[in-house]
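Fold and contact review
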Amino acid sequence: MNAAVWIVDDDRSIRWVLEKALAREEIPYKSFGTAGEVMSALEGASQPPRVLLSDIRMPGESGLALLSKVKARFPHMPVIIMTAYSDLDSAVAAFQGGAFEYLPKPFDVDQAVELVRRAIDESAHQAGTEEVLSAVPEILGQAPAMQEVFRAIGRLSQSHATVLINGESGTGKELVARALHRHSPRRDAPFIAINTAAIPRDLLESELFGHERGAFTGAQTMRRGRFEQAEGGTLFLDEIGDMPAELQTRLLRVLSDGNFYRVGGHQPIKANVRVIAATHQNMEDRVRQGLFREDLFHRLNVIRLRLPPLRERREDIPPLAKHFIALSAQELGVEAKRLSDATLKYLQSLDFPGNVRQLENLCHWLTVMAPGQTVEVADLPPELKDQPTRELPANWGDALMAEADRALAQNPGEVFDRLSRDFERILIRRALAATGGRRIEAAQLLGIGRNTITRKIQELGLEEPDHA
């Protein structure tokens, strides 16, 4: 029987895991260690596989190069690209090359098998296109929410559709807008960005649409607006939720009929521009409050992308921090500093209300201000060392490590006693809460004696009423 699935990965352990999973599902497979082996096997194969599952980075030819060759010969063969390098460019390159799906490592085995089953049942209809893979990824993200963003950018790479990006300040909305432009058919035309909230409302109309000479006091020459500057390309409208009502009407007209007038002008100008809008606000709420036109909202809300705040993608904090530290060192022409494991764990425990931008600024600060080559928790700015952890990691041991790092930096010499007392206080309070304050039952729950719990309550200042 011909193998339905071919696996290519230079990592023997990955091959083994997939082989066992496919064998369990009675799906025939073959495994290869390099792209070259696959191409040789394809030359001599009487029948190609139904699905190819390939790593992206391997010795010799990459998975993307293999994808390109396979899609040239077998355009309908589904190819699933796997990678441990969870960056935007890899995802976009995979989709642009005609990949059926993009599977970031580490993956759930059941999810991988389900994906293989889907690929077997369906035929990919994407044509191979030019590979896009740069040495430095423009956006990093291993978190599932960011992988969804990468997939969306990849799927939109041949589209001119209007996109609305939602995300808190500092999450990278303009980065995503630039990525959408760079990986679109308009990539060779201008990308023009404007923050609609940062420009006074009496100037915003002229900024967007330009003006004719003499249109208003001070208009001594004709000026092309952002729509004209972005001709053939992409216009990014940041903080669209704050756009004044009269400008909303003009923007709706442009999106509806594709024409606009300069301020003071009488001749319509054709707008061949893709609009990408972004906001940190809840647009449905703005519409309900009458602050944003519903018809304009629906014009903008063709494709919607949500960028998660950094506190929802804590696993991305270490790779982002290392990336920004290296970038800052390169910009300043100095040797890159190293963030200790304790520092990385501590940073993961923080909420970062300023999101990725705040983390980037912190790394620049550390490059300049941290005294040694290895950055410890004690080297962080005071406002970060004093910031409480607002969300515990899934593993309470990690939370305890983060708290220990903070205490070692702030209260040297009293860490053991303070944390031990906190630990006992929390355990006894929760046990008393579970038993309605009854000490004997609380002691039994904790596995300690009644005398012990009575003594601890007195020592720790937990004078709960005794209902025993």
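This structure is a prediction, so every number in the text was calculated from the model and none was measured.

Cut-offs used in this document
- Residues numbered from 1 in each chain as written.
- Predicted model: local features only at pLDDT ≥ 70, side-chain atom pairs only at ≥ 80, totals over all residues.
- Heavy atoms only, no water.
- Salt bridge = Lys/Arg side-chain N within 4 Å of Asp/Glu carboxyl O.
- Buried < 20%, exposed > 50% of the residue type's maximum accessible area, 1.4 Å probe, protein only.
- pLDDT = per-residue confidence, 0-100.
- Helix = DSSP H or I, 4+ residues; strand = E, 2+ residues; numbered from the N terminus.
- Contact = heavy atoms within 4.5 Å.
- Pairing = 2+ DSSP bridges.
- Axes fitted to C-alpha atoms, helices over the stretch in contact; angles between N-to-C directions.
- Parallel < 35°, antiparallel > 145°, perpendicular 65-115°, else oblique.
- Left-handed = near helix turned anticlockwise from the far one by under 90°.
- Nonpolar A, V, L, I, M, F, W, Y, C, P; charged D, E, K, R; others polar.

**Things to note about the pattern of salt bridges**
One pass over the structure, following the stated rule, counts 27 salt bridges. R438 is the partner of E441 in a salt bridge, and the nearest nitrogen-oxygen pair spans 3.2 Å. Among the residues examined, E441 registers a relative accessible area of 36% and is labelled partly exposed. With a shortest N-O distance of 3.4 Å, E459 and R455 are connected by a salt bridge.

**Remarks on the confidence of the model for the chain**
Of all residues in the chain, 88% attain a pLDDT of 70 or more, and the chain-wide mean is 83. Within the chain, helix α4 (residues 88–96) has the poorest average pLDDT of any element, 68, and strand β11 (residues 274–279) the best, 96. Considering only residues more than four positions removed or in separate chains, one finds that residues 123–137, a stretch of pLDDT under 50, has 37 contacts. Note that residues 464–468 has pLDDT below 50 and, in this model, 14 contacts with residues that lie over four places away or in other chains.

**Quick word on the sheet that holds strand β12 (residues 303–306)**
The parallel open sheet is built from five strands, whose spatial order is β7-β8-β11-β6-β12. In this open sheet, the two edge strands, each paired with only one partner strand, are β7 (191–195) and β12. Each strand axis lies, on average, 20° off the axis of its neighbour in the sheet, ignoring direction. Against the sheet, helix α7 (residues 173–182) makes contact with β6 (163–166), β7, β8 (234–238), β11 and β12, and its axis sits at roughly 155° relative to β6, the strand it touches most.

**Observations regarding the packing of helix α8 (residues 201–209) against helix α10 (residues 245–257)**
Here α8 crosses α10 at 15°, and the two axes come no closer than 10 Å. With respect to α10, the element α8 is oriented roughly parallel. Where α8 crosses over α10, the two elements pack in a sense that is right-handed. Listed contacts from α10 to R201, L204, E205, L208 and F209 of α8 are E246, L247, R250, L251 and V254. Grouping the constituent residues of the contact of α8 with α10 by class yields six nonpolar, no polar and four charged.

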